[in-house]
Amino acid sequence: MHSSGESDAVGLGVGGVAVPPGESALRRATRRDSPTHSLRMHDHAAMPDDFNRDRTLWLLSAAHLVNHAQAVLLPLVYVKLIAEFRVTAETIAYMAAAASFASGAVQLSYAKLTRMISRRKLLAAGGILFGGGFAAQAAAPTFGTFAAVNIISRVGGSPQHPVGNALLAEQFPEHRRGFAISAHISGGNVGTVVVALLGAGMIRDLGWRETVVLFGIPAVVIALAILFFVKESGEDQSAASAHGSVREAFGTILRDADHRWIYLASILGGGGRGLGVVNLFALLYLGRVLGLPDDTANPMYNALIVLSVPMPLVAGWLSDRLGRKPVIIGVYLGGAVGFLLFLLVGSSLVGLWAGIAVMGLFSFAESPQLQALLADIAPATIRDASFALYFTLAFGVGSLWTALYGLIIGIAGEPTGLPIVFVLMAVSFVAAALAIVPVRAGGRRSNGATAIMPEP
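Note that this is a predicted model, so its numbers are computed, not measured.

Account for the overall build of the protein chain, naming residues and giving values.
Scanning the protein chain for helices and strands turns up 23 helices and two strands. Classification of the 456 residues of the protein chain by burial places 58% in the buried group. Partitioning the contacts of the protein chain with sequence separation of at least 6, the portion at a separation of at least 24 is 83%. Counting only carbon and sulfur atoms, one obtains 67% of the accessible surface of the protein chain, whose full area is about 17,400 Å².

Structural data, given as structure tokens:
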């Protein structure tokens, strides 16, 4: 028999390892005397003979390129839908929110599916549905049909972030992880530049239906390449199964304060996220509130998108050296300044260009660094569950921001509602910055050591 004091003095961790009182589940999982620690150290030591992490990064980035290209093309398509199907900006916002929510909600399932199916197969199946569904939008005779196919396609793209990032986290060591995940995002953002350079012209010259077909087919081709050429060790899959059930993994995650703060930051930051939010409402604001012609608004939109490529790479390089937290907080605050500047300059073209520049510098850089911070704190035993829950909240709950913005526009009207939206974007970024402050990991790094702060 042990007294309650004796029971609290020393607990048993994973594999019966003695754990000091008050030690968190994740800190326990990364102790050097823990079996889970050895699993983490083994992440990069038992890859297949023909394993090539750079090939994995290139193919995932190519898939992400098409993913982002479609995300940036859609607002240009939506403008045509408003005229062709006689719908409103409010209706478009609701459809975008529904698609984002559906894509986010299904991502929770990858915590379980990754224990049953290899990541490359999940990525390949998703890519085929994603690309095929995007091309199928061309056949939509009504807006309702278009919306249904659009949502199905977005669900097909759902493995890209949680499954793809978990695969990169497994294959790349921590001191290269920030840049690798940022390269994944920036590689995807190359697709946004392709659309910035070609999208509007293709829609003008070919029509939106033909254009969506041309952007859907490459996703299917890349998905097949991932299926045949990407290799993975299966170490994370084995570690997750050995750790316990999916429910136990979620319990471990939710008991960890750092996870909770990062999840909250992601939800709050969704109010001003670069793709799917800023790019959509910036284009609507320029055209439908300020009344700028296409030959003025489109170059601004293109410049905003072009900045989405270098900035995550710069932020990733900095976070690998300075630490995740200071970079993330700085990006959130800089983005808030950009939203307000874009709004307050009114119709001044010089001011609008300055606002576009600041938004482009910051609004696309926060998400990959938040994901890298999550990868740092989540050991192999819960990595897939950690990313699955993160992206469910980021895309699912975070998508409610878009629905809220649509509601505001519907109630207040576009001339009043869209400016309110940009104020709320700034507020969301400031709130997200505050949510990062309590995180105990991700400070300045030293000699590649894991940035896990001691328990208070």
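What follows picks up the thread again.
Could you give an account of the packing of helix H17 (residues 310-322) against helix H18 (residues 324-344), with specific residues and numbers?
At their nearest, the axes of H17 and H18 sit 7 Å apart, and the two run at 140° to each other. Here H18 runs oblique to H17, going by the angle between their axes. Here H17 contributes Ala 315, Leu 318, Ser 319, Asp 320 and Leu 322 to the contact with H18, which in turn contributes Arg 324, Pro 326 and Val 327. Of the residues in the contact of H17 with H18, the class split is five nonpolar, one polar and two charged.

Break down a nonpolar patch on the surface for me, with residues and values.
Taken together, Tyr 94, Leu 404, Leu 407 and Ile 411 make up a surface patch of nonpolar side chains, about 380 Å² in accessible area. With three residues, helix H22 (residues 400-412) is the single largest residue contributor to the nonpolar patch. Within the element layout of this structure, Tyr 94 appears in helix H5 (residues 89-106).

So what's going on with unusual backbone geometry? Which residues, and what values?
Positive phi is not limited to glycine here, since Arg 86 has a value of about 55°. Topologically, Arg 86 is positioned in the loop between helix H4 (53-84) and H5. Arg 86 gets classed as exposed once you look at its relative accessible area, which sits at 76%.

Lay out the nonpolar core with the relevant residues and their values.
Counting residues in hydrophobic clusters, the biggest one holds 116 residues, and the most contacted among them are Leu 73, Phe 146, Phe 281, Tyr 332, Phe 342, Phe 422 and Met 425. The element that contributes the greatest number of residues to this core is H4, accounting for 14 residues. By size, the runner-up hydrophobic cluster in this structure holds five residues, among which are Met 311, Ala 315, Val 327 and Val 331.

Account for helix H15 (residues 274-289), naming residues and giving values.
By the criterion of burial, H15 is predominantly enclosed, with twelve of the 16 residues buried. Along H15, the residues classified as buried are Gly 274, Leu 275, Val 277, Val 278, Asn 279, Leu 280, Phe 281, Ala 282, Leu 283, Leu 284, Tyr 285 and Leu 286. Looking at the residues trailing H15, positive phi occurs at Gly 291, about 70°.

Can you break down the pattern of salt bridges residue by residue, with the values?
What the rule picks out here adds up to ten salt bridges. Through salt bridges that share partners, Arg 119, Glu 170 and Asp 384 make up one connected network.

Help me get a handle on the packing of H4 against helix H8 (residues 143-156), residues and values and all.
Between H4 and H8, the least distance of the axes is 13 Å, while the angle of their chain directions is 175°. When the axis of H4 is compared with that of H8, the two are roughly antiparallel. Facing H4, whose interface residues are Gln 70, Leu 74, Val 77, Tyr 78 and Leu 81, H8 presents Phe 143, Phe 146, Asn 150 and Ser 153. Among the residues making up the contact of H4 with H8, the classes are represented as six nonpolar, three polar and no charged.

Parameters and conventions
- Residues numbered from 1 in each chain as written.
- Predicted model: local features only at pLDDT ≥ 70, side-chain atom pairs only at ≥ 80, totals over all residues.
- Heavy atoms only, no water.
- Helix = DSSP H or I, 4+ residues; strand = E, 2+ residues; numbered from the N terminus.
- Buried < 20%, exposed > 50% of the residue type's maximum accessible area, 1.4 Å probe, protein only.
- Contact = heavy atoms within 4.5 Å.
- Areas by Shrake-Rupley, 256 points an atom, 1.4 Å probe, with all protein chains shown as cover.
- Axes fitted to C-alpha atoms, helices over the stretch in contact; angles between N-to-C directions.
- Parallel < 35°, antiparallel > 145°, perpendicular 65-115°, else oblique.
- Nonpolar A, V, L, I, M, F, W, Y, C, P; charged D, E, K, R; others polar.
- Patch = residues over 30% accessible without salt bridge, like charges linked within 9 Å, V, L, I, M, F, W, Y side chains within 5 Å.
- Salt bridge = Lys/Arg side-chain N within 4 Å of Asp/Glu carboxyl O.
- Core = buried A, V, L, I, M, F, W, Y, C linked by side-chain atoms within 4.5 Å.

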